[in-house]
Amino acid sequence: MKLSLPKPLEAAVPIVSRLEESGYEAVFVGGAVRDTVIGRPVKDVDIATSARPEQVMALFPKCIPTGLRHGTITIVHEGETYEVTTYRQESAYEDYRKPSGVAYITSLEGDLLRRDFTINAMALRNDGSVFDPFNGAGDIERRCIRCVGDADARFQEDALRMMRAVRFIAVYGYQPAVSTWKALRKHRELMRHIAMERVQAELDKMLAGSDPRRALVWLHASGLLHKMKEPLPLTEYMRVDSTRYGLVEQLADLDCRWAAALLDSAIPSAIADESLRLLKLSNNRRLRIIGIMRMHEEALAAANNEGADWWAETVIRDGKQLAEDWLLVESAIHASAVTPIDLKILKAQLNEFPILTLKQLDMNGRVLAQRLRKPAGPWVSRCLHRLLVSVAGGKLVNEREKLLMQAELWDKEDKSDE
Ligand SMILES: Nc1ccn([C@@H]2O[C@H](COP(=O)(O)OP(=O)(O)OP(=O)(O)O)[C@@H](O)[C@H]2O)c(=O)n1
């Protein structure tokens, strides 16, 4: 098989040539080759070589020893970065928790043998010829995810590969080979060795892919999330049910996809919050996802008890942007079809709120305290907030005198209640 090189690989040809001219072997490997064979856009370009890291460094003045522990040097060429890694073997399972350093080897085939799946174990030369000792191209044709060689050994070398398998199955719409799936189920327990951040990164890629629904269904079936280092409370809610997960793929934003997937599984926001904390999601992202989920819960509660001001209150508290995110999420998931939330009305109201911040209110704490002849205290901000919600909800006009009269009325009511 001979392929024409896509642009990102073409741009890296001078690096491979330089290594070859110096008497070393050098080839493109990994995801870039897989995506070239499949015909998908290529992202990162990885190069494997028989040259030792110090020999690579001597040839390229602009380089950074980014992963010396794994024999990797990053080379900067015309503004792009390329990872060049010396042929090596994976550390065996016994060394799993205590990597013993790199075992360099001289053969390309040996280097490909340590890789996770056949589709990721092909090499591409400068001239477009493919070296494919494990028939990755055949598995691409069969749409199959298959471990290279012994599946048990591949998963024992790096348990994250089990998550990667689920991701490739989902993102490419492939099926696992029977032996690979059996090994994956057998070694689920190894998930406890994997850092939560790495799991999170894989989940992000699954949800960002073209078929998040497929990813979640296979994730359920794999049972991988049940075996993590720190148990995720959300696994209690996971069910194998392929009719769920609405139209998550309609959402462009990754965090909106997270919120939609969590809501579609009927996971309460508090459970999701705890799970996202354990997955070490950044605070910004977690708060955004949970904010969207809470709006859904509040909308349901309000629809049940006719709480008229909840929408104004929510938008004032969380801001218009989050409210817009929630409306997008809500319309993407099935839940909206069976709940009494009228998204059209909420959407229209969102653009018609006369004001949404205290700054826009024709009133301030000093004027309010003077008029009610009461010393300033926590009541002032409570009253200002109540006025803001009433104006935003269209029940009160934003004029100082009218607002003061309303405040006096509430004050009288409060006194008679006491
Ligand atoms: N746990 C892993 C991770 C990576 N690899 C090998 O290293 C290559 C590069 O890995 P990486 O850049 O992490 O992933 P890609 O396969 O390129 O895919 P993606 O960028 O979509 O994650 C893979 O193709 C595979 O050959 C592996 O064997 N085991």
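Everything that follows concerns the structure shown earlier in this document.
All of the points below concern the structure found in this document. None of the values given here were measured: they were computed from a predicted structure.

With that settled, the discussion passes to a negative patch on the surface. Residues Glu-20, Glu-21, Glu-25 and Asp-127 make up a contiguous surface patch of negative charge. Looking at the secondary structure, you find Asp-127 in the loop between β8 (123-124) and β9 (130-131).

This next bit is on the nonpolar core. Among the nonpolar cores identified, the biggest contains 128 residues, and Leu-19, Phe-28, Met-163, Trp-311, Trp-326 and Leu-368 are the most heavily contacted of them. The greatest single-element share of this core, amounting to 10 residues, is contributed by helix α8 (residues 160-172). With residues near it in sequence (within four places) discarded, Leu-19 still touches Tyr-24, Ala-26, Ile-47, Thr-49, Ala-51, Val-56, Leu-59, Phe-60 and Val-84. Counting 10 residues, the second-largest nonpolar core is a separate cluster that includes Ala-48, Tyr-87, Ile-105 and Val-148.

Here helix α20 (residues 378-392) contains 15 residues, and its C-alpha end-to-end distance of 22 Å stays within 8% of the 21 Å for a straight helix at 1.5 Å per residue. Every buried residue of α20 is listed here: Trp-379, Val-380, Cys-383, Leu-384, Leu-387, Leu-388, Val-389, Ser-390, Val-391 and Ala-392. Of the surrounding elements, those touching the buried residues of α20 are α15 (310-318), α19 (365-372) and α21 (400-417). Gly-394 sits one or two positions beyond α20 and adopts a positive phi of about 80 degrees.

Before going further, it helps to spend a moment on empty space enclosed by the protein. Under the counting rule described, the total for this entry stands at 1 cavity of 30 Å³ or more. Computed from the structure, the largest cavity encloses a volume of approximately 190 Å³. Around the largest cavity sit 16 residues that line it, and Leu-216, Leu-234, Met-238, Trp-258 and Leu-262 are the ones nearest its centre. Along the lines of polarity and charge, the residues of the lining of the largest cavity split into 14 nonpolar, 2 polar and no charged. For the lining of the largest cavity, the domains that each give at least three residues are domain 2 (143-225) and domain 3 (232-353).

Time to look at the packing of helix α10 (residues 196-208) against helix α11 (residues 212-222). Orientation of α10 relative to α11, taken along the N-to-C sense of each, is 135 degrees, at an axis distance of 7 Å. Taken as axis vectors, α10 and α11 run oblique relative to one another. Of α11, the residues touching α10 (which contributes Leu-203, Met-206 and Leu-207) are Pro-212, Ala-215, Leu-216 and Leu-219. Broken down by class, the residue content of the contact of α10 with α11 amounts to 7 nonpolar, no polar and no charged.

Rules used throughout
Residues numbered from 1 in each chain as written. Predicted model: local features only at pLDDT ≥ 70, side-chain atom pairs only at ≥ 80, totals over all residues. Heavy atoms only, no water. Patch = residues over 30% accessible without salt bridge, like charges linked within 9 Å, V, L, I, M, F, W, Y side chains within 5 Å. Areas by Shrake-Rupley, 256 points an atom, 1.4 Å probe, with all protein chains shown as cover. Salt bridge = Lys/Arg side-chain N within 4 Å of Asp/Glu carboxyl O. Lys, Arg positive; Asp, Glu negative; His and termini not counted. Charge placed at Lys NZ, Arg CZ, Asp CG, Glu CD. Helix = DSSP H or I, 4+ residues; strand = E, 2+ residues; numbered from the N terminus. Core = buried A, V, L, I, M, F, W, Y, C linked by side-chain atoms within 4.5 Å. Buried < 20%, exposed > 50% of the residue type's maximum accessible area, 1.4 Å probe, protein only. Contact = heavy atoms within 4.5 Å. Expected span 1.5 Å × (residues − 1). 1 Å grid on protein atoms, 1.4 Å probe; cavity = no way out; pocket = protein on both sides within 12 Å on 5 of 7 lines; lining within 4 Å. Points joined across faces, edges and corners; volume = space filled by probe spheres on them. Nonpolar A, V, L, I, M, F, W, Y, C, P; charged D, E, K, R; others polar. Domains from an automatic or database assignment. Axes fitted to C-alpha atoms, helices over the stretch in contact; angles between N-to-C directions. Parallel < 35°, antiparallel > 145°, perpendicular 65-115°, else oblique.

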